[in-house]
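Spelled out, the chains give:
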Amino acid sequence: MSKCKKTSIGGQALIEGIMMLGPEKSAIAVRKSDGEIELKVESITRLADKNKFFRLPFIRGILGLFDSLKRGFAALEYSSSIAIDEIEEEPTKFEKWLEKKFGSRAVEKVVMGIATVLGIAIPIVLFIFLPTLLAGVVDKVVDSRILQNLLEGVFRIAIFLLFMFSVSRMKDMKRVFSYHGAEHKSIFCYEAGQELTVENVRKFSKEHPRCGTSFMFSVMIISILVFSVVSWSNPFIRMALRLALLPVVVGISYEVNRWLGRHDNWLSKIVRAPGLWFQSFTTFEPDDSMIEIAIAALREVIPDDGEKDNW
């Protein structure tokens, strides 16, 4: 078999759908209540295309994360509006007041605004503040700053794994994670140079080495190393330092993942192994209808120039 292509095209599982992001376009495919596929395709301009400074190593990872979060929340909002449009519920008094004061889309914007705030705040509380507080409890017992930092890292990873395991057991999230598996399978099929059909896509792996889940796991590991450089006895000052260093962690993690995606040697396989294992929590086997969604979105973002999406 010829050497497989490595594409920069990536995706995100949504509510009954998938977003694919290519070098020139983004595409959202959502399964409507009547079984039809709703497609939304847009031309995109990345931050890296606007200024050479944004393409510099380390900087590109930080900006890329914020860009991905922005697109991701917008895609989730769109998919939810399409996938659950058949649900008719009597609006609450608060919703009626919002609609009367600010317009028909006010309720939706408020809900998504709250979801966005929670989506950013909850990970910070769970994976930054809570581990730091737990590590602070052992300050009087463990008389070693290095060991305290290592314990904090262990707490962070344990909380992260427990959180993702709990989420993966939720019925609705299982469907989202199945769409995640369909996204990976379709990209693998494209990289292998095979025609994008349900039959071809189905046989590929649901774990992909350049997945955002692996990136998240890398952030957990690298944070242990970065946070150990700067320490402080006061837990609140330590939390502030962790937040200040978060962009550094993200920047380094991006570059590590970029290197892992470009190499297939013994070292890269060892380093990426934990991330691939962790995808067992966030990717499930999809059904054929989910694969159809992934194919529909992926086809829209493949560039005419086959070299434009090289990793």
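Our subject is the structure listed above.
All values derive from a computational prediction rather than experimental measurement.

Moving on to the packing of aromatic side chains. Evaluation of the coordinates by the stated rule reveals ten aromatic pairs. Measuring from centroid to centroid gives 5.4 Å for Trp277 and Phe281, while their planes differ by 85 degrees, and the two rings are edge-to-face. Residue Trp277 and its partner Phe281 are both found in helix H10 (residues 266-282); the two are separated by four residues, about one turn of the helix. On the accessibility criterion, Phe281 (14% relative accessible area) is buried. Within the aromatic cluster, the residues linked to one another by ring pairs are Phe127, Phe160, Phe163, Phe165, Phe217, Trp277, Phe278 and Phe281. Between the NZ or CZ atom of Lys40 and the centre of the ring of Tyr78, over which it lies, the distance is 4.6 Å. A cation sits over an aromatic face here: Arg210 above Trp311, 5.2 Å from the ring centre.

The next subject is helix H9 (residues 235-262). Because the α-helix completes a turn every 3.6 residues, residues three or four places apart line up on one side. Taking 1.5 Å per residue, 28 residues should reach 40 Å; H9 reaches 39 Å between its end C-alpha atoms and fits that length. The sharpest bend along H9 reaches about 40 degrees and sits at Leu245, with the proline Pro247 one to four residues further on.

Let us now look at the sheet that holds strand E1 (residues 10-14). If you walk across this open sheet you meet the four strands as E1-E2-E3-E4, and the pairing is antiparallel. The outermost strands of the open sheet, each flanked by one partner alone, are E1 and strand E4 (37-43). Along the sheet, successive strands turn relative to each other by an average axial angle of 15 degrees, direction set aside. Here E1 runs beside strand E2 (residues 17-21); their pairing, made up of five bridges, is antiparallel. Each bridged residue has a counterpart across the sheet, and for Gly10 the counterpart in E2 is Leu21. Most of the contacts of helix H6 (residues 171-191) go to E1, to which it runs at about 160 degrees, and overall it touches E1, E2 and strand E3 (25-31).

Glancing now at the pattern of salt bridges. Taken as a whole and assessed by the stated rule, the structure comprises 17 salt bridges. For the salt bridge of Glu42 with Lys40, the shortest nitrogen-to-oxygen distance reads 3.8 Å. Its relative accessible area of 29% is what places Lys40 among the partly exposed residues. Notably, a salt bridge pairs Asp264 with Arg272, separated by 3.3 Å at the nearest N-O pair.

The subject of this paragraph is the packing of helix H5 (residues 145-168) against H6. In a packed pair of helices, the relevant descriptors are the angle between the two axes and the axis-to-axis distance. Remark: H5 packs on H6, axes separated minimally by 7 Å, with the N-to-C direction vectors making an angle of 100 degrees. Here H6 runs roughly perpendicular to H5, going by the angle between their axes. In this structure, H5 uses Met164, Val167 and Ser168 to contact H6, whose residues at the interface are Met173, Lys174 and Phe177. Here the residues of the contact of H5 with H6 sort into four nonpolar, one polar and one charged.

Successive residues of a regular strand alternate their side chains across the two faces of the sheet. Relative to E4, E3 runs antiparallel, the two being bridged by seven bridges. The partner of Val30 across the bridge, within E4, is Glu38. Linking two consecutive strands that pair antiparallel, namely E3 and E4, is a turn of five residues; a positive phi of about 95 degrees is found at Gly35 within it.

The element E3 is largely enclosed, with a buried count of six among its seven residues. If you look at the hairpin formed by E2 and E3, you'll find three residues sitting between the two strands.

This part takes up the side chain of Glu183. Inspection of the secondary structure puts Glu183 in helix H6. Despite its burial, Glu183 remains without a salt bridge, the nearest opposite charge being carried by Arg210 at 9.9 Å. Separated by 3.3 Å, the side chain of Glu183 and the backbone nitrogen of Gly11 make a polar contact. In this view, Glu183 contacts Gly10, Gly11, Gln12, Ala13, Ile18, Met20 and Ala294; residues no more than four positions away in its chain are not counted.

Conventions we followed
Residues numbered from 1 in each chain as written. Predicted model: local features only at pLDDT ≥ 70, side-chain atom pairs only at ≥ 80, totals over all residues. Heavy atoms only, no water. Phe/Tyr/Trp six-rings, centres within 6.5 Å; stacked < 30°, edge-to-face > 60°. Helix = DSSP H or I, 4+ residues; strand = E, 2+ residues; numbered from the N terminus. Buried < 20%, exposed > 50% of the residue type's maximum accessible area, 1.4 Å probe, protein only. Lys NZ or Arg CZ within 6 Å of the ring centre and 35° of its normal. Expected span 1.5 Å × (residues − 1). Bend = angle between axes of the 7 residues up to and from the residue. Pairing = 2+ DSSP bridges. Axes fitted to C-alpha atoms, helices over the stretch in contact; angles between N-to-C directions. Contact = heavy atoms within 4.5 Å. Salt bridge = Lys/Arg side-chain N within 4 Å of Asp/Glu carboxyl O. Parallel < 35°, antiparallel > 145°, perpendicular 65-115°, else oblique. Nonpolar A, V, L, I, M, F, W, Y, C, P; charged D, E, K, R; others polar. Lys, Arg positive; Asp, Glu negative; His and termini not counted. Polar contact = N/O pair within 3.5 Å; in protein donor to acceptor, adjacent residues only side chain to side chain.

Remember, this is a structural readout, not a statement about activity or role.
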